[in-house]
Amino acid sequence: MEKDMLIEQPKLGRKGMIALITAVNMIAPLSTDMYMAALPHMAKYFKTTDAVMNFTLVGFFLFFAVGMILFGPISDKYGRRPVFTAGIIIYGISCVLCGISVNIVFLILMRILQALGAGCMISVTTAMIKDQFTLSLHEALPISYRCADIQACRMEGDIFCSGRGCCAFSHHLFSSF
């Protein structure tokens, strides 16, 4: 398993590359999960309805998918590093602009920009995994099943948790390891 990298990374190495990919892949879930708890307070702050505030989530999810579809081929053409760097910059700037939003329309637009950056980063890290690591089908399937189980747990938690931060189905997350 130590020699599973196709191209050695002189600066990051194997563990650094895995840490980078893991950290970047946590950004999109954190962009929605931490944000959802603040939605009622933000609706009051922006003097708007919950339905309008939900457009910040709808826009994020829609353009996150668009970003993943759009930036994958772009990274194939222009290279992983410049596209990945652009995604980080887009995401970072849009986070700051979300934080200083003074009206709901600007916030929705910045959440859309944030989603494009997050989609870019996820798309490029997925391609980086394909480029950097080689796993046999026998080794890759259990990892895929664990990832799917974690995602299912997140969806169950979003559906069944009532905003208290307590999830009745959190045992799925720990049982998958």
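Above this text is the structure in question.
Residues numbered from 1 in each chain as written. Predicted model: local features only at pLDDT ≥ 70, side-chain atom pairs only at ≥ 80, totals over all residues. Heavy atoms only, no water.

Visitor: What is the right way to read the packing of helix α4 (residues 50-78) against helix α6 (residues 104-132) from this model?
Guide: Between two packed helices, both the angle of their axes relative to each other and the distance between the axes serve to describe the pair. Packing of α4 against α6 leaves a shortest axis separation of 6 Å and a crossing angle of 35°. The handedness of the crossing between α4 and α6 comes out as right-handed. Residues that form the contact of α4 with α6 fall into these classes: 20 nonpolar, eight polar and one charged. (Axes fitted to C-alpha atoms, helices over the stretch in contact; angles between N-to-C directions. Helix = DSSP H or I, 4+ residues; strand = E, 2+ residues; numbered from the N terminus. Left-handed = near helix turned anticlockwise from the far one by under 90°. Nonpolar A, V, L, I, M, F, W, Y, C, P; charged D, E, K, R; others polar.)

Visitor: I keep staring at unusual backbone geometry and nothing clicks. Help me out?
Guide: The phi angle of most residues is negative, glycine excepted, and most peptide bonds adopt the trans form. With a phi close to 55°, Lys47 is a non-glycine residue in the positive phi region. Its place among the elements puts Lys47 in the loop between α3 (39-45) and α4. Classification of Lys47 as exposed rests on a relative accessible area of 74%. (Buried < 20%, exposed > 50% of the residue type's maximum accessible area, 1.4 Å probe, protein only.)

Visitor: Explain the packing of helix α5 (residues 80-99) against α6 to me, please; I cannot follow it from the model alone.
Guide: Contact pair α5 / α6: the axes reach a minimum separation of 8 Å and the direction vectors enclose 155°. Considering the angle they form, α5 stands roughly antiparallel to α6. The two elements α5 and α6 meet at a crossing, and its hand is left-handed. Per-class residue counts for the contact of α5 with α6 are 18 nonpolar, five polar and four charged. (Parallel < 35°, antiparallel > 145°, perpendicular 65-115°, else oblique.)

Visitor: Explain the packing of aromatic side chains here, please?
Guide: Aromatic rings in a pair are described by how distant their centres are and how their planes are angled relative to each other. For the structure shown, the criterion picks out three aromatic pairs. Relative to Phe46, the ring of Tyr45 lies with its centre 4.9 Å away and its plane at 80°, an arrangement referred to as edge-to-face. Look at Tyr45 and you get exposed, because its relative accessible area is 55%. Seen from their ring centres, Phe60 and Phe61 are 6.1 Å apart, and the 80° between their planes marks the pair as edge-to-face. (Phe/Tyr/Trp six-rings, centres within 6.5 Å; stacked < 30°, edge-to-face > 60°.)

Visitor: Before we go on, may I ask you to explain α6 in this structure?
Guide: In an α-helix there are 3.6 residues to a turn, and that puts residues three or four apart on one side. For α6, spanning 29 residues, the distance from its first C-alpha to its last is 41 Å, which sits close to the expected 42 Å at 1.5 Å a residue. The buried fraction of α6 is high, at 21 of 29 residues. If you check the start of α6, you find a side-chain oxygen 3.2 Å away from the backbone N of Val105, and it comes from Asn103. (Expected span 1.5 Å × (residues − 1). Polar contact = N/O pair within 3.5 Å; in protein donor to acceptor, adjacent residues only side chain to side chain.)

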